[in-house]
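Chain by chain, the residues:
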Protein chains: 4
Amino acid sequence: MILILKPGVKRQDLDRLVEELHQMNFRTHLSEGENTTIVGLIGDTSRLDVNEMRANALVADVKRVSEPFKLANRKFKGSDTVIEAGGCRIGGGHFAVIAGPCSVESAEQIELVAKSVKSSGANLLRGGAFKPRTSPYAFQGLEGEGIRLLEIAKRQTGLPIVTEIMDITDLPYFENVDIIQAGARNMQNFRLLKKLGQQDKPVLLKRGLSSTIEELLMSAEYIMSEGNQNVILCERGIRTFETSTRNTLDISAVPVLKNLTHLPVIVDPSHAAGSSHLVPALAKASVAAGADGLMIEVHNNPPKALSDGAQSLTLEEFESLMGSLKEYISLEGKEIG
Amino acid sequence: MILILKPGVKRQDLDRLVEELHQMNFRTHLSEGENTTIVGLIGDTSRLDVNEMRANALVADVKRVSEPFKLANRKFKGSDTVIEAGGCRIGGGHFAVIAGPCSVESAEQIELVAKSVKSSGANLLRGGAFKPRTSPYAFQGLEGEGIRLLEIAKRQTGLPIVTEIMDITDLPYFENVDIIQAGARNMQNFRLLKKLGQQDKPVLLKRGLSSTIEELLMSAEYIMSEGNQNVILCERGIRTFETSTRNTLDISAVPVLKNLTHLPVIVDPSHAAGSSHLVPALAKASVAAGADGLMIEVHNNPPKALSDGAQSLTLEEFESLMGSLKEYISLEGKEIG
Amino acid sequence: MILILKPGVKRQDLDRLVEELHQMNFRTHLSEGENTTIVGLIGDTSRLDVNEMRANALVADVKRVSEPFKLANRKFKGSDTVIEAGGCRIGGGHFAVIAGPCSVESAEQIELVAKSVKSSGANLLRGGAFKPRTSPYAFQGLEGEGIRLLEIAKRQTGLPIVTEIMDITDLPYFENVDIIQAGARNMQNFRLLKKLGQQDKPVLLKRGLSSTIEELLMSAEYIMSEGNQNVILCERGIRTFETSTRNTLDISAVPVLKNLTHLPVIVDPSHAAGSSHLVPALAKASVAAGADGLMIEVHNNPPKALSDGAQSLTLEEFESLMGSLKEYISLEGKEIG
Amino acid sequence: MILILKPGVKRQDLDRLVEELHQMNFRTHLSEGENTTIVGLIGDTSRLDVNEMRANALVADVKRVSEPFKLANRKFKGSDTVIEAGGCRIGGGHFAVIAGPCSVESAEQIELVAKSVKSSGANLLRGGAFKPRTSPYAFQGLEGEGIRLLEIAKRQTGLPIVTEIMDITDLPYFENVDIIQAGARNMQNFRLLKKLGQQDKPVLLKRGLSSTIEELLMSAEYIMSEGNQNVILCERGIRTFETSTRNTLDISAVPVLKNLTHLPVIVDPSHAAGSSHLVPALAKASVAAGADGLMIEVHNNPPKALSDGAQSLTLEEFESLMGSLKEYISLEGKEIG
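Since the model is a prediction, treat every value here as computed from it, not as a measurement.

Another aspect to go through is the interface of chain D and chain C. In this assembly, 54 residues from chain D lie in contact with 54 residues from chain C. Both faces combined, the contact of chain D with chain C buries some 4,400 Å², and carbon together with sulfur accounts for 47% of it. When the buried area of chain D at its contact with chain C is split by residue, D:Tyr137, D:Arg191 and D:Arg239 rank highest and sum to 16% of it. Counting the contacts that link chain D with chain C gives 6 salt bridges. Here D:Glu215 ties to C:Arg239 by a salt bridge, and the two come within 2.6 Å at their closest N and O atoms. Applying the counting rule to chain D against chain C returns 23 residue pairs in polar contact (both at pLDDT 80 or more). Put simply, the parts of the chain that give the side of chain D that touches chain C at least two residues each are α2 (50–54), α5 (190–197) and α6 (213–224) of chain D.

What follows is the structure, given as structure tokens:
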């Protein structure tokens, strides 16, 4: 971390600042330029907040020179993390295709979709039971019953299941869930993250709509620092001024994350696009950009879906998409599962 | 709600769509233009999600014509809501000045700050006990002990207290808290909002960094629809491309919200700016824009603050600011408390 | 266009509004709901500004139901436009690879780069002669001399050339240029666009950093409405809150534009990323998303580049990238040139 | 400027880098930390682009420690610049109220509005003659004739006039204009800025919709470095995800700019808001935030305005607003003119 001092700092004030930094167990390095004096902090600055150091009256600005995340940092673990869930592997060349409806709506629906996406080539099943909805008047999910239906579909197809948790008190419902999803709106629900770090199921952590890539990694760090190293990161679109898509898929996040971290990185093109006709292009682009997996919404009858129908592929559209995706996955030297 | 149909829809498909809408208890109104047929939905569309209707194969686009919030809507309650908390009133001409440190750090600190901000003219005391921090390695607050220290400061000064809740299981700690804050990161933690709606203390709901004004009102609706009508809305800056401030204070949110809702609207210029030297200008601007209150971070020794020191005013700076603020509040025809 | 009226509009006021609209040569269609009356405008609304209609005291809101662009609209020309430039074709299955340095710096540099990118498979040469730089103190380009050097490189390699115009008075320099680029900062320099519409060389129109997709198409419409139908659209990243890349590549713009318009759509991953190590992933993703071409910065010695070195590939990196790109282009059923 | 080197740089590579920097006329200062070596550059770095230095293979990141603007920098000229135009002064306690219609539409209209805003207290007249419109099919302004009508209104009222230039070839029309406006879309039309720097009328430079505060100052620097020091900066809203206002007024830009530069800073609340009912709150907030002036759209009949009617105040609304504004201006210790 570098402290850029205000112009005209007096010698005695500078000495006092340096003394304080030493008491905080940092070594320091002074660089005195024509207009600017810079103090370099040497030591573990990950617990320091940039905003705290800016409060000092001598300090004009503060710059980090090393990343504030450690356990997720590729510098400290060079090889790709491979996550195992219900017999599937994700990362390190293993590509995950997670497909299914936005919401679990009935036994018939989830079984029909599960069988179909499996035969098209998906290797994990998604389905929402606890649904975070913008409006309190909208369908809120089948909750515990929804997870029970997912379990039946899992037994029938063998597909491991991925579903979202909204509150840690619901954890008992997730006993047979293979991957627990922490949704975009909960990416900085730090209490939930800590609790998910204290159990051992893999966590699929979605990026918040306005969260930076660094903040996503810091949220992964919350989970990992409690003991659970099995975190899958998911880019799902960020909020920008553009209104022709529901969100703006930040495709660059894929190669940026792959450089910064050893954790697997997947993409949810459905929530990013908000319109099913855009999903195939974005799914292919995600593979080409280096993603380790995809999470795609598929519904047997999108116009009748209880949530997010506009962005759901039909069973036939998904089957057709899988045909092309396999070629792209193979071109990238990866394989499903 | 208006459904804009795709060009060339066949008569029989249109009839089927209209029939379905009637089954959903809407009346419909058809408008057939040169290139475009439009279906107007008449009835309660607040439970309908725009994205669901867009899933219909006949529908090109969907537009809302009425707001999806009801209880918070000024159309259905014209007069300003006035909220009472620990002897203070907020809204309807009553201006709230909520001041105090980002984090409660010690008995001495919170007492010193509380007494000082009271004598400068603040009428509520803020202080963080449960702290949401981006990094798991940063100071996480004194938690329950922090609230105990706030209670002591309240007894000593008579100032009602405002502090943030991060998890509903902590609610027992908030027994003597006067206003419970739901933080920006939890603005769409819907479970927490519902629980806050099931108790009767006023809730100060902060706008998420990337939440629209409509989403803020829908989150207020989550609380209100469970029974608690005492919601105070707080603008605290949104995330944009500009990096010279921590966030971009959306000052327009004040008059926009005052038009849309009867709930009180306050502003937190400290979190928006991220730098204490910008706080006075933004605080004055907030009053002039029509806010019903301010929430300002004040610390006895900002460079030593355990969080957010850079944006905290000193006791003297706050006293000086209050001098000018009083003139602005008076010019707006409001009074503190 | 739909006018949503304020609640409680009187009959006589409504009649007067309708009369005015008829005088503006629109037919109207009234839809009276429970709380809301809606007036549909039938006729050519492309010359109407949404903001003008919102000024009417009776009107609460205005929604467009048809796109405001015509000549660029795929609805009115279903087949892909194929643009010819110096023997190359772009669009309709013909893929363009435009490569070269950010700035033309010397005869040796541009010749060296031109020969190398040609042998790697590029079919057009880019190079900046007139450079828009944020700082007046930065290198501003070789200007007319830069174009002369590009012409030499063109003669030596046969590659058609693409370079940016900053001011229409420079047009005489562009006599031997094959495609004239209108840069992101000039996307709404409407005078320049009109003048480019009055000449017949193809125009490569880059999206502004904060321009919507609709605005990009309206700017294309400025060129086309003056007579020049040869417009190539270029996505090059938009401005968001994310700072780990120079801009955020809006990959979704590719399929969105391909749906809305018949014009070719290319991507500039170099300016979007700002870092050369991200370019290969983004280039492949752009092909997979359906782009009709790529514009990539390549330099013989990036650390010595006079501009944008950080995002320039070396000659070797570009050659290697072309190896993989060809497979992706082929998978999409397209061919270079 | 600080270069943060990649880990594990070899001594000889470091020596070569330092040697190169010395040849570029910088002195250097090395700081070697545990994981990171930092090179501080001492000398004039304003001509250096951060992106150029990042291209160096040894460099992980580059941070500026001093602002890249000089002539606009308050560090080099502490006292407020006061600009004189047609008998008015702007800056240094002199507050400018620039009012008038979006577009000049007829002799009657501009005269009526000019007389009315003058009697309400405005001290400069605005009116658009050359209009940048998103659509080529929309009204493009009366052009030269519009300026002639402004000149008549100026003779009748004595109000100095402010109007926008879109292309430098129109400069002859501006002979009797008092302040030339460079619009938001032309904030980075660097050729236009340079030409405006070569003449001596004051320039009102509007911030681009997605331009940072630093970029605005760099654009001012383009004008100033050519010789014209009379630049007025204008905040007019930036583009964000929020859709309830046309743009998001970045009110913080006022105090941030007042700290960074000695140039006057004004605000255009009309373009920011997009709705006239929001203008009074934003105008008052701008004064309270420390602005040196306001630019407000006023029209004699907003629903019939040829552009931007929705955001125009009526003559009566403006008169009423001026009543309150005068109290706020006085509270800030400033006076109009």
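Structure's up, so let's keep going.
Our focus in this paragraph is the relation of the copies chain D and chain C. Rotating chain D by 180 degrees and moving it 0.0 Å along the rotation axis overlays it on chain C with an RMSD of 0.1 Å. These values place the two chain copies in the arrangement generated by a two-fold rotation axis. Ranked by how close their C-alpha atoms come to the rotation axis, the residues of chain D are headed by D:Ser210, at 2.8 Å. Most of the interface of chain D is mirrored in chain C: 100% of its interface residues are interface residues there too.

The partner chain B presents 54 residues to the 54 residues of chain A that form the contact. Summed over both partners, the interface of chain A with chain B comes to about 4,400 Å²; 47% of that surface belongs to carbon and sulfur atoms. Together, A:Tyr137, A:Arg191 and A:Arg239 form the three largest contributors to the area buried by chain A at its contact with chain B, with a combined 17%. On inspection of chain A and its partner chain B, the count reaches 6 salt bridges. Taken together, the links from chain A to chain B amount to 23 residue pairs in polar contact (both at pLDDT 80 or more). Elements represented by at least two residues in the side of chain A that touches chain B include exactly α2 (50–54), α5 (190–197) and α6 (213–224) of chain A. With 4 residues, the single largest contributor to the side of chain A that touches chain B is α6(A).

The subject of this paragraph is the packing of aromatic side chains. Summed over all chains, the structure comprises 14 aromatic pairs over all chains. Taking the centre distance of 6.1 Å and the plane angle of 20 degrees together, the rings of D:Phe130 and D:Phe174 count as stacked. Of this pair, D:Phe130 sits in the loop between β8 (124–126) and α4 (144–157) while D:Phe174 sits in the loop between β9 (161–165) and β10 (179–182); the two residues are 44 residues apart in sequence, bridging distant segments of the chain. Judged by its relative accessible area of 2%, D:Phe130 is buried. Ring centres of D:Phe190 and D:Tyr222 lie 4.5 Å apart, and the angle between their planes is 20 degrees; this geometry places the pair in the stacked category. In this pair, D:Phe190 is assigned in helix α5 and D:Tyr222 in helix α6, connecting sequence segments 32 residues apart. Residue class for D:Tyr222 comes out buried when judged on its relative accessible area of 0%. Each member of the aromatic cluster is reached from another via a ring pair, and the members are A:Phe130, A:Tyr173 and A:Phe174. Sitting over the ring of A:Tyr137, B:Lys70 keeps its end group 4.6 Å from the ring centre.

All names here are of chain B. Counted under the stated rule, the structure contains 76 salt bridges over all chains. With its nearest N and O atoms 3.6 Å apart, the salt bridge here joins glutamate 297 to arginine 126. In this pair, glutamate 297 sits in strand β14 (residues 293–297) while arginine 126 sits in strand β8 (residues 124–126), placing the two residues 171 residues apart along the sequence. The partner of lysine 206 in a salt bridge is aspartate 268, and the shortest N-O contact between them spans 2.6 Å.

All names here are of chain D. Here 4 strands make up an open sheet; going across it, the order is β2-β3-β1-β4 and the pairing antiparallel. Each edge of the sheet is formed by a strand with only one pairing partner; in this case those strands are β2 (27–32) and β4 (59–63). Direction aside, neighbouring strands of the sheet carry axes that sit 20 degrees apart on average.

Across all of its chains, the model carries 0 disulfides over all chains by this definition. Not engaged in a disulfide, the cysteine A:Cys102 finds its nearest cysteine sulfur in A:Cys234; these two sulfurs lie 13 Å apart.

How each quantity is defined
- Residues numbered from 1 in each chain as written.
- Chains lettered and ligands numbered in written order.
- Predicted model: local features only at pLDDT ≥ 70, side-chain atom pairs only at ≥ 80, totals over all residues.
- Heavy atoms only, no water.
- Contact = heavy atoms within 4.5 Å.
- Buried area = accessible area lost by both parts, 1.4 Å probe.
- Salt bridge = Lys/Arg side-chain N within 4 Å of Asp/Glu carboxyl O.
- Polar contact = N/O pair within 3.5 Å; in protein donor to acceptor, adjacent residues only side chain to side chain.
- Helix = DSSP H or I, 4+ residues; strand = E, 2+ residues; numbered from the N terminus.
- Least-squares fit on C-alpha atoms with pLDDT ≥ 70 in both.
- Phe/Tyr/Trp six-rings, centres within 6.5 Å; stacked < 30°, edge-to-face > 60°.
- Buried < 20%, exposed > 50% of the residue type's maximum accessible area, 1.4 Å probe, protein only.
- Lys NZ or Arg CZ within 6 Å of the ring centre and 35° of its normal.
- Pairing = 2+ DSSP bridges.
- Axes fitted to C-alpha atoms, helices over the stretch in contact; angles between N-to-C directions.
- Disulfide = S-S within 2.5 Å.

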